[in-house]
Amino acid sequence: MPEMMRAVEISEPGGPEVLKPTHRPVPQPGPGEILIRVRWAGVNRPDALQRAGSYKAPPQASDLPGLEASGEVAAVGPEVSGWSVGDAVCALLPGGGYAEFAVTPAAHALPVPDGMDLREAACLPETFFTVWSNVFQRGGLKAGETFLVHGGSSGIGTTAIQLASHFGARVFATAGTAEKCAACAKLGAKRAINYREEDFVEILRGEGGANLILDMVGGDYITRNVKSLADDGRLVMIAFLQGPKVELNFAQVMLRRLTITGSTLRPQSDFAKARIADSLRDRVWPLLSNGEIAPVMDSEFALEDAAKAHARMESSGHVGKIVLRIS
Ligand SMILES: NC(=O)c1ccc[n+]([C@@H]2O[C@H](COP(=O)([O-])OP(=O)(O)OC[C@H]3O[C@@H](n4cnc5c(N)ncnc54)[C@H](OP(=O)(O)O)[C@@H]3O)[C@@H](O)[C@H]2O)c1
């Protein structure tokens, strides 16, 4: 095992250019943890928020960016069962994915689905943990319900469309271009709404309202989401790309029995994340293994080009996931 590894760090808060190649000591797995030799790392919008200084790493996490990776188990810490050195793995990370090695709780690791390559597997954990826990566990989406996801062409959106369609929901998605809308429809959206040309409130109300909305936009979307919900509808917030503050008439929440909730994955306990992993292994990994659903891949960059990967993500030109090739 080498003592040092290649990595990319956030040299100071700022734009993509603050991501700088560096060398760091190889981390050691503690009790209950595994060390992963990282082959591919997924790039997520929260990495860009962390880089810009608005999403701090939790106290015990690596300061290096990177919330998901795939590769092989390089070492197992004490009290780990079920994983051996050399096993192919993909895992949710507390941070540190933009590096040749990363540690994570063994309970947050999942096998690479049958027939899937490591490049695709790196893109699963952050989006699938987030979508599964917010749409199905917190949001309680059921077959036959009407589901609206904003940012339909994002990593989160492409995952949410596929899973919700698979489990029998009527899926509506918003996106900012005709090309992105076509991608959403191809993944299973019954109706993709180009929000620059159409009003999603009008369309959803014409369909009887949404039973569940997954929103990452915030701002004026919050009041518009409330208007789009059916009676007893649920709104789940996972980000606020247009800001978290809004004036809202809560009488609507009472009169139409609405639920407004939300969550963010990273600060949750190791136990909570392990429970999400268990549920994914049982309910979703078989669908990835038999090819019924698959991550949508946008582009790949070398680790040292992480700044270019972030610029691509922040241009919003992408559809699906961006990955870093580590080794
Ligand atoms: N709560 C959690 O645990 C959690 C976990 C992971 C991710 N997230 C959040 O989920 C969102 C999607 O993550 P991702 O990694 O899939 O990112 P992503 O691929 O970059 O998706 C962001 C999408 O939001 C759309 N968008 C709408 N309004 C926007 C605005 N004002 N600024 C920028 N984009 C806007 C963009 O599509 P258009 O160009 O079509 O508008 C873009 O496709 C992010 O906001 C992220 O922070 C939350």
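Shown above is the structure to which this text applies.
Small disclaimer: the values here were computed from a predicted structure and weren't measured.

K.L.:
Quick question: what am I supposed to make of the overall build of the chain here?
P.N.:
Within the chain, the secondary structure is distributed over 11 helices and 15 strands. C-alpha extents for the chain along the principal axes are approximately 60 × 40 × 35 Å. Expressed as a percentage of its 327 residues, the buried residues of the chain come to 54%. In the chain, 67% of the contacts between residues at least 6 apart in sequence involve partners at least 24 apart. For the chain, the separation between the mean place of its 33 positive charges and that of its 37 negative charges on side chains is 4 Å.

K.L.:
Would you mind showing me how to read the site of the ligand here?
P.N.:
Around the ligand, the structure places 26 residues, and the nearest of them are G176, K180, Y195, L265 and H318. A distance of 3.5 Å separates a nitrogen atom of the ligand from a polar atom in the side chain of Q242. Notes on the ligand: free accessible area 910 Å², of which the protein chains cover 91%. The cavity where the ligand resides is the largest pocket. Secondary structure elements with two or more residues in the shell around the ligand: α1 (45–52), α3 (125–138) and α4 (155–166). Here the element with the most residues in the shell around the ligand is α1; it accounts for three residues. A class-by-class count of the residues in the shell around the ligand yields 12 nonpolar, 11 polar and three charged.

K.L.:
Please clarify how the environment of S54 should be interpreted in this entry.
P.N.:
Mapped onto the fold, S54 is located in the loop between α1 and β4 (68–76). Among the residues examined, S54 registers a relative accessible area of 54% and is labelled exposed.

K.L.:
Please explain the nonpolar core as it appears in this structure.
P.N.:
Soluble, globular proteins show a tendency: their nonpolar side chains are buried together. In this structure, F128, F147, L214, L280, V284 and W285 are the most contacted members of the largest nonpolar core, which totals 61 residues. A total of six residues in this core trace back to one element, the largest contributor, which is α3. Apart from residues lying up to four places away in sequence, L280 is in contact with L110, F128, F129, W132, W285 and P286. Ranked by size, the runner-up nonpolar core spans 26 residues in total, among them V80, W83, A91 and L303.

K.L.:
How do you make sense of the pattern of salt bridges when you look at a structure like this?
P.N.:
Once their charged atoms are close, side chains differing in charge can pair, the charge on each being opposite to the other. Using the criterion set out here, one finds 17 salt bridges in the structure. Salt bridges here are not isolated pairs; linked through shared partners, they connect R6, E100 and E304.

K.L.:
What exactly am I supposed to notice about the sheet that holds strand β8 (residues 146–149) here?
P.N.:
Neighbouring strands of a sheet are bound in pairs by backbone hydrogen bonds; such pairs are parallel or else antiparallel. The strand order β10-β9-β8-β11-β12-β13 describes an open sheet built from six strands, whose pairing is parallel. Lying at the two open borders of the sheet, with one neighbouring strand each, are β10 (191–194) and β13 (259–262). On average, each strand axis in the sheet is inclined to that of its neighbour by 15 degrees, with strand direction left out of account. Examined bridge by bridge, β8 and strand β9 (residues 170–175) share four bridges and lie parallel to one another. The residue of β9 that forms the bridge with T146 is R170. Sitting on the sheet, α4 is in contact with β8, β9 and β11 (210–215), with an inclination near 170 degrees to β8.

K.L.:
Sorry if this is basic, but what is going on with the packing of aromatic side chains here?
P.N.:
The way to describe two aromatic rings as a pair is by their centre distance and the angle between their planes. For the coordinates displayed, the defined rule picks out five aromatic pairs. An angle of 85 degrees between the planes, with centres 6.2 Å apart, marks the rings of F128 and W285 as edge-to-face. Of this pair, F128 sits in helix α3 while W285 sits in helix α10 (residues 285–289), and the two are 157 residues apart along the sequence. Taken individually, F128 and W285 each receive the classification buried, so the pair is uniform in this respect. Ring pairing ties together the aromatic residues W132, F136 and F167, which thus form one cluster.

The rules we used
- Residues numbered from 1 in each chain as written.
- Predicted model: local features only at pLDDT ≥ 70, side-chain atom pairs only at ≥ 80, totals over all residues.
- Heavy atoms only, no water.
- Helix = DSSP H or I, 4+ residues; strand = E, 2+ residues; numbered from the N terminus.
- Buried < 20%, exposed > 50% of the residue type's maximum accessible area, 1.4 Å probe, protein only.
- Contact = heavy atoms within 4.5 Å.
- Lys, Arg positive; Asp, Glu negative; His and termini not counted.
- Charge placed at Lys NZ, Arg CZ, Asp CG, Glu CD.
- Near = heavy atom within 4 Å.
- Polar contact = N/O pair within 3.5 Å; in protein donor to acceptor, adjacent residues only side chain to side chain.
- Areas by Shrake-Rupley, 256 points an atom, 1.4 Å probe, with all protein chains shown as cover.
- 1 Å grid on protein atoms, 1.4 Å probe; cavity = no way out; pocket = protein on both sides within 12 Å on 5 of 7 lines; lining within 4 Å.
- Sits in = over half its atoms within 2 Å of the grid points.
- Nonpolar A, V, L, I, M, F, W, Y, C, P; charged D, E, K, R; others polar.
- Core = buried A, V, L, I, M, F, W, Y, C linked by side-chain atoms within 4.5 Å.
- Salt bridge = Lys/Arg side-chain N within 4 Å of Asp/Glu carboxyl O.
- Pairing = 2+ DSSP bridges.
- Axes fitted to C-alpha atoms, helices over the stretch in contact; angles between N-to-C directions.
- Phe/Tyr/Trp six-rings, centres within 6.5 Å; stacked < 30°, edge-to-face > 60°.

Keep in mind that these numbers describe shape and distance, not what the molecule does.
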